[in-house]
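So you can see what is in the structure, the chains are spelled out below.
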Amino acid sequence: MGLALLAIIWLITLVSTYFFAAKTWWLPHGASASAQWIDGQFALTYALMGIVFLAAQLLLGYVVWKYRDRPGAEKVEYSHGNTKLEIIWTVLTAVLFIGLNLMGGRVWAAERFAPAQANAIPVEVTGMQFAWYFRYPGPDGRYGATSPKLVDPSSGNEAAVGLDTSDPASKDDVVTGTMYLPLNRQVDLTLKAQDVIHSFFVPSFRFKQDAVPGLAIKMHFTPIELGDYEIACAELCGLGHYKMHGMVHVVSQEDFDKWLAAREAEKQ
Amino acid sequence: MATTAHVHAHAAPQGFIRKYVFSLDHKVIGLQYYFLALTAVFIGMFLSLLMRVHMIWPNAVLPLVGDIKPETYLQLMTMHGTIMVFFVLTTAPQGGFGNYFLPIQIGAPDMAFPVLNMLSFWTTFVAFVVILAAFFATGGAPLHGWTGYAPLSALKNSGPGEQLGADLWITSIAIFCLASLMGALNFITTVLDLRAKGMTMMRMPLTCWAWFVTAVLGLLAFGVLLSAGILLLLDRNLGTSFYVPLVIVNGQVMAHKGGSPLLWQHLFWFFGHPEVYIAILPGMGVASQVLSTFSRKPIFGYKAMVYAIMAIGILGFVVWGHHMFMSGMSPYSAFAFSIMTMCIGVPSAIKTFNWLGTIYKGRVRFKTPMLYAIGFVSLFVSGGLSGPFLAQPVLDIPLHDTAFVPAHFHLIMGVAAIFGIFAATYYWFPKMFGRMMNETWGRIHFFTTLVGTYAIFMPMHWLGMAGQPRRYSQFTEVAYLKHLMPLNTFITYAAIITIAAQFIFLINLFWSMFKGPKASDNPWESTTLEWTTATPPPHDNFGGVTPVVNHGPYEYSVPGAAKDYVMQTDPA
């Protein structure tokens, strides 16, 4: 029985470790400025926890086999523990866990403590059951007023977020169902939700933030690769949660300007 | 202490109703809790089976539920989580085994307040009936998940099941909170007041320490959830706005304004995180007890184990914000919550080291309870090590609300806690029913369950890393999820096999209850007080004798002793 237990525990451990190490399934390709820092912290945590996992499981399998009850087994060591050992492993674990945490803290601070740069492109994201809308403030750089009474979710354009057209600042606001972003320029994001909580999750950007009704949450990130990226809602929002999907197109600044101008013209 | 004990003694009841239904005997109440949890776990498991099947074969028509729609999936998921967390993981280890064995292990004739004890079980039973009623409500069960985030849970038009079903759901939880508060008071008082002569706090078995600290956690946490639940009921039915700001649902401006969705999350997780320890601490206690007994060796670092339980209990109350790193909470407070969460890993690691230290240079007897205790340690390590990922706010950016999270908490508070319950069942079955369970079937059950649960939950980490959000009923709408389908299919097959294997346990349990070989009073050659009394124990636990304790709880292989174990009541 000891041998069977050793075999099963080791087998589970080694098979798991193989798939973890082979990276058969891994984080999606990173396409934002912070991806490499987040992935670096992930890889470090992964390696350290992997070593602890291997060591603990292999040791567990070994000791249950080695110290199995059998004729001629060694005498049990009568011991209530070892204070010195307790102190050593308490300190070691504390250093490992808290050290890891402080390192990760630096990345977090860089991500979330500073406000967006002055030249960042402002985009307002609004989540509702079960779609995302993106608002660009247009040439004046100011978002126009909105009103709950004007919200028409079926419109698919400016009325979806209840844009108040009587406000001069709203004249040049553009609302779309697909997100366009210029390459290598920071995005100054404002996240809102109309009905329940949604979460704006773009795996390739290593970006996730809940959009909460009643709050306007400010965030920023910088896309660094051209391409199309998927948005998946990551907070349970109702029966259509699984299909609350959106797209981000990262294009050159030139193409972005063209696209925005075309949308402005379309609106007139 | 022995002098106060007789006050709580009561005469053995006569008649079926007083003896088995409205019983004041903590042993009967313990079994009632156990069988309630057993019913609940099979219901919860069946719901998870339907979910797994729906993910892979969305068009399959299933027994009892028929055609599963996306919202049906979310309703199954909500009920699975709620039933498992409250009526299994909170009910079996504490209400079941705690009730049955805490008084015996400390040498008391019963709990401090037997009537309160009966009341807390029957209140739990009412809560269970109410939660099951949600299935039959118009619109069905709620779909807002076991965490019930507002405003989804606070509005009646946010989705199917959010009408009467959601009211029943939160009402059931509120009733459950009341029951748990009564139980917690009883446990705490019993430990503090009813210990036998010589049973100092530092001579208590680690199971008793775990039940005691769990009760303290319950007392502090369930009160908060009860209040939060009442506020939710008010928001839903009386037009208040504790959790709901101005919202527009499907173009309709709702009458609420000014509430805070994050308030619900703070209150819920202030309960929710200690709840994790409410589920797992008793399992840790059982693992310690069983590992020491079957290694024939004193527990390694008893004092360190006690301090670790206390540290986990205290730290458990200051880490709730780690569930909210992506919620819109201040990024500065994430720092504090993150550090405290990493700190809680330290006492958890101490416990693991000490379990390994207990086996080291012992003489391991591979009885089924021991297999489950070893499995517990393995699962505790595996589930625990994904904690330091999720505890770092920066890694929550890719991992929060992905399949990585269910992988983590299922391994540690789900499966590890269940392994604790299995270890306890196989270990104490002889004392509770006077018969032995079948060892061969116990082993088969153990190995299939160990391999099966790893096969289910290890791959979920990879799904989460690849970005698969949790609580998705289908993976057809998001292109990058499609290549993960083979892994999802594998998990479903593993789940079907593992669930099937649980019937081995069920049959073994009931067959052994009536047909198993008769058990002696101390079949495992254990040292604690429950093994000094008759099997099953008499109504007052010790047959009119008041035990006197002379030894610590885990005196195995004492040099110079006649046997390889010294009972706690053996002469000094």
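Heads up: these notes are all about the structure in this document. These figures come from a predicted structure and were not determined experimentally. (Residues numbered from 1 in each chain as written. Chains lettered and ligands numbered in written order. Predicted model: local features only at pLDDT ≥ 70, side-chain atom pairs only at ≥ 80, totals over all residues. Heavy atoms only, no water.)

1. Considerations on the overall build of chain B
The helix and strand inventory of chain B stands at 17 helices and 4 strands. Expected size for 572 residues packed as a compact globule is a radius of gyration near 25 Å; at 24 Å, chain B falls within 12% of this value. For chain B, the C-alpha atoms occupy an extent of roughly 80 × 50 × 45 Å along the three principal directions. Each of the 572 residues in chain B was classed as buried or not, and the buried ones make up 69%. A fraction of 79% describes how many contacts in chain B between residues 6 or more apart in sequence connect residues 24 or more apart. For chain B, the computed accessible surface area is about 17,400 Å², with 72% contributed by carbon and sulfur atoms. The distance from the centre of the 28 positive side-chain charges to the centre of the 20 negative ones in chain B is 7 Å. (Helix = DSSP H or I, 4+ residues; strand = E, 2+ residues; numbered from the N terminus. Rg over C-alpha atoms; globule rule 2.2 N^0.38 Å. Buried < 20%, exposed > 50% of the residue type's maximum accessible area, 1.4 Å probe, protein only. Contact = heavy atoms within 4.5 Å. Areas by Shrake-Rupley, 256 points an atom, 1.4 Å probe, with all protein chains shown as cover. Lys, Arg positive; Asp, Glu negative; His and termini not counted. Charge placed at Lys NZ, Arg CZ, Asp CG, Glu CD.)

2. What to know about the overall build of chain A
Tallying secondary structure elements over chain A gives 4 helices and 10 strands in all. Sequence-ordered secondary structure for chain A, helices as α and strands as β, is α-α-α-β-β-β-β-β-β-β-β-β-β-α. The C-alpha radius of gyration computed for chain A amounts to 26 Å, which surpasses the reference 18 Å derived for 268 residues by more than 25%, pointing to a less compact arrangement than a globule. With the principal axes as the frame, chain A shows a C-alpha extent of 90 × 40 × 30 Å. Sorting the 268 residues of chain A into buried and exposed places 50% on the buried side. Of the contacts formed within chain A by residues at least 6 apart in sequence, a portion of 70% connects residues at least 24 apart. By element, 63% of the accessible surface of chain A is carried by carbon and sulfur atoms, the whole surface being about 11,700 Å². Where the 21 positive side-chain charges of chain A centre and where its 26 negative ones centre are 9 Å apart.

3. A look at the sheet that holds strand β8 (residues 217–221) of chain A
Residues and elements named next belong to chain A. Pairing is mixed in the open sheet, where 5 strands are placed in the order β3-β2-β1-β5-β8. If you trace the sheet from one side to the other, it starts and ends with β3 (174–176) and β8, each paired once. Mean inter-strand twist for the sheet, computed between neighbouring axes without regard to direction, equals 25°. Of the strand pairs in this sheet, strand β2 (residues 131–136) and β3 are connected by 3 bridges, and their pairing is antiparallel. By the bridge assignment, R135 is partnered in β3 with V175. Lying over the sheet, helix α4 (residues 253–267) contacts β1 (121–128), β2 and β3, oriented at roughly 100° with respect to β3. (Pairing = 2+ DSSP bridges. Axes fitted to C-alpha atoms, helices over the stretch in contact; angles between N-to-C directions.)

4. Focus: the interface of chain B and chain A
In this assembly, 111 residues from chain B lie in contact with 95 residues from chain A. For the pair chain B and chain A, the summed buried area comes to about 9,000 Å², and 73% of that belongs to carbon and sulfur atoms. Of all residues in chain B, R363, W462 and M465 of chain B bury the most surface against chain A, accounting for 8% of the area lost on that side. For the interface between chain B and chain A, the tally reads 3 salt bridges. (Buried area = accessible area lost by both parts, 1.4 Å probe. Salt bridge = Lys/Arg side-chain N within 4 Å of Asp/Glu carboxyl O.)

5. Examining the side chain of H249 of chain A
Residues and elements named next belong to chain A. By the element assignment, H249 lies in strand β10 (residues 245–251). By relative accessible area, H249 is classed as buried at 17%. At 2.8 Å, the side chain of H249 and the side chain of D228 are in polar contact. Beyond its immediate sequence surroundings of up to four residues, H249 is in contact with T178, M179, Y180, L181, G227 and D228. (Polar contact = N/O pair within 3.5 Å; in protein donor to acceptor, adjacent residues only side chain to side chain.)

6. Observations concerning the packing of aromatic side chains
When we look at a pair of aromatic rings, we describe it by the centre distance and by the angle of the planes. Enumeration over the complete set of coordinates arrives at 78 aromatic pairs over all chains. Geometrically, the ring pair formed by Y180 of chain A and W259 of chain A is stacked, given 4.2 Å between the ring centres and 20° between the ring planes. Taken together, the residues Y180 of chain A in strand β4 (residues 179–182) and W259 of chain A in helix α4 connect sequence positions 79 residues apart. Y180 of chain A gets classed as partly exposed once you look at its relative accessible area, which sits at 22%. The exposure class of W259 of chain A is buried, given its relative accessible area of 15%. Ring pairing ties together the aromatic residues Y34, F35, F97, Y100, F101, W211, F294, Y427, W428, F510, W524 and W531 of chain B, which thus form one cluster. We note K23 of chain A situated over the ring of W26 of chain A; from NZ or CZ to the ring centre the distance is 4.6 Å. The lysine or arginine in question, K563 of chain B, covers the ring of Y565 of chain B, its NZ or CZ lying 4.7 Å from the ring centre. (Phe/Tyr/Trp six-rings, centres within 6.5 Å; stacked < 30°, edge-to-face > 60°. Lys NZ or Arg CZ within 6 Å of the ring centre and 35° of its normal.)

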